[in-house]
Amino acid sequence: MAGDLYWSNVVLLSGWEEPATLTLAEDESSFSRTIVLGSGAIRTVAQAKHGTHSVLFDGVNDYASSTTDRADFYVSNEDFTFEAWIRLDATDGGVAQMFGAHYERVGNDRSWFLRKGAGQTLEFYYYTDGVNANIVSEAFTWVGDTWYHVAVSRNTTGLRMYVDGVQVGSTHNIGTATLHDPDYFFTLGAFASIGFDQNLYGWMDEFRYTVGVGRYPAAFTAPTLAFPRGPIIPGKHVMISSM
């Protein structure tokens with residue numbers, strides 16, 4: 001497997017393969033954090049994009065999170081990339097469903113989140129003051145029981161959303177905005193509220209969160225293999241693409 005040119009910038013990564021427990025998963029970045037699966041989210045072999053496992057969120061209070069090292073997930077005014085393979089349940093009911101979030105609603109401690117909107121949209125919300133949302137919403141037709149590679153990438157002043165490597169909508173000018181620094185942990189499949197809200201109803205596989213690097217300044221080929229699990233080693237690895 002090729003190495004990752006930006007391996008040191010990867011703050012969270014998992015294909016949900018290890019360890020062998022339903023309620024815990026291994027962070028496969030260099031930080032080796034434990035990822036907690038809460039309120040019914042479970043590792044499953046029923047569906048997988050890569051490997052043998054994914055995580056199933058049933059749409060009711062489920063979430064996944066690393067509850068340590070909160071500051072490592074803060075993007076400030078840096079470039080960043082969040083990406084994951086998502087498979088929505090065919091009966092999702094047209095509700096908003098969260099993919100990734102650094103956000104806590106009750107205490108107005110909000111930084112950003114990426115979600116499927118309540119309609120046929122892909123949406124990114126970001127906050128500079130912890131309260132007032134800057135909304136990037138683009139039309140996208142979601143089909144149930146279909147794997148999608150979903151990504152959001154900030155590259156200097158440009159913020160772009162992608163599905164399967166194709167840019168969704170136009171480039172949003174985020175300028176030099178510094179996102180709010182929330183005193184809360186990063187979550188997958190929901191955002192923190194009173195409990196957990198806007199829960200994903202479906203599966204997530206192979207996700208990666210990179211801080212300090214916008215991996216996708218333009219359209220790209222969606223990854224056909226699992227993400228690299230280490231840096232490029234001269235004489236052994238080559239970088240095949242920006243992924």
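Scroll up to find the structure this text is about.
The text that follows walks through the structure, step by step, so that each part is easy to find. (Residues numbered from 1 in each chain as written. Predicted model: local features only at pLDDT ≥ 70, side-chain atom pairs only at ≥ 80, totals over all residues. Heavy atoms only, no water.)

**Examining the pairing of strand β12 (residues 147-155)**
Then, number 1: Most of β12 sits inside the fold, with nine of its nine residues counted as buried.
Then, number 2: Relative to β12, strand β7 (residues 80-88) is paired through eight bridges, and the arrangement is antiparallel. Bridge pairing in β12 places I86 opposite Y148.
Then, number 3: In this sheet, strand β13 (residues 158-163) lies alongside β12 in antiparallel orientation, the contact comprising six bridges. Across the sheet, N155 pairs through a bridge with G158, a residue of β13.
Then, number 4: The turn linking β12 back onto β13 is made up of two residues, and T156 within it adopts a positive phi angle of 50°. (Buried < 20%, exposed > 50% of the residue type's maximum accessible area, 1.4 Å probe, protein only. Helix = DSSP H or I, 4+ residues; strand = E, 2+ residues; numbered from the N terminus. Pairing = 2+ DSSP bridges.)

**As for unusual backbone geometry**
Then, number 1: Residues other than glycine seldom take positive phi values, yet N61 does so here, at roughly 70°.
Then, number 2: By the secondary structure assignment, N61 is in the loop between β5 (54-58) and β6 (63-66).
Then, number 3: Looking at N61, the relative accessible area reads 36%, which means it is partly exposed.
Then, number 4: Of note in this structure, S76 is not a glycine but carries a positive phi near 55°.
Then, number 5: Mapped onto the fold, S76 is located in the loop between β6 and β7.
Then, number 6: The class for S76 is buried, based on a relative accessible area of 19%.

**Some words on the packing of aromatic side chains**
Then, number 1: If you walk through the whole model with that rule in mind, you get 26 aromatic pairs.
Then, number 2: Between F73 and F186, the ring centres sit 5.7 Å apart and the planes meet at 20°, which makes this aromatic pair stacked. Here F73, found in the loop between β6 and β7, pairs with F186, found in strand β16 (residues 186-188); they are 113 residues apart in sequence, far enough to count as distant. When sorted by exposure, F73 lands in the same class as F186, which is buried.
Then, number 3: Look at F99 and W142: their rings are 5.8 Å apart centre to centre, the planes differ by 65°, and that puts the pair in the edge-to-face class. Residue F99 is located in strand β8 (residues 97-104), and its partner W142 is located in the loop between β11 (133-139) and β12; the two are separated by 43 residues in the primary sequence.
Then, number 4: Through a chain of ring-to-ring contacts, three or more aromatic side chains come together here, namely F73, F80, F82, W112, F124, Y126, F186 and Y209.
Then, number 5: Sitting over the ring of F31, R33 keeps its end group 4.3 Å from the ring centre.
Then, number 6: Sitting over the ring of W85, K49 keeps its end group 4.6 Å from the ring centre. (Phe/Tyr/Trp six-rings, centres within 6.5 Å; stacked < 30°, edge-to-face > 60°. Lys NZ or Arg CZ within 6 Å of the ring centre and 35° of its normal.)

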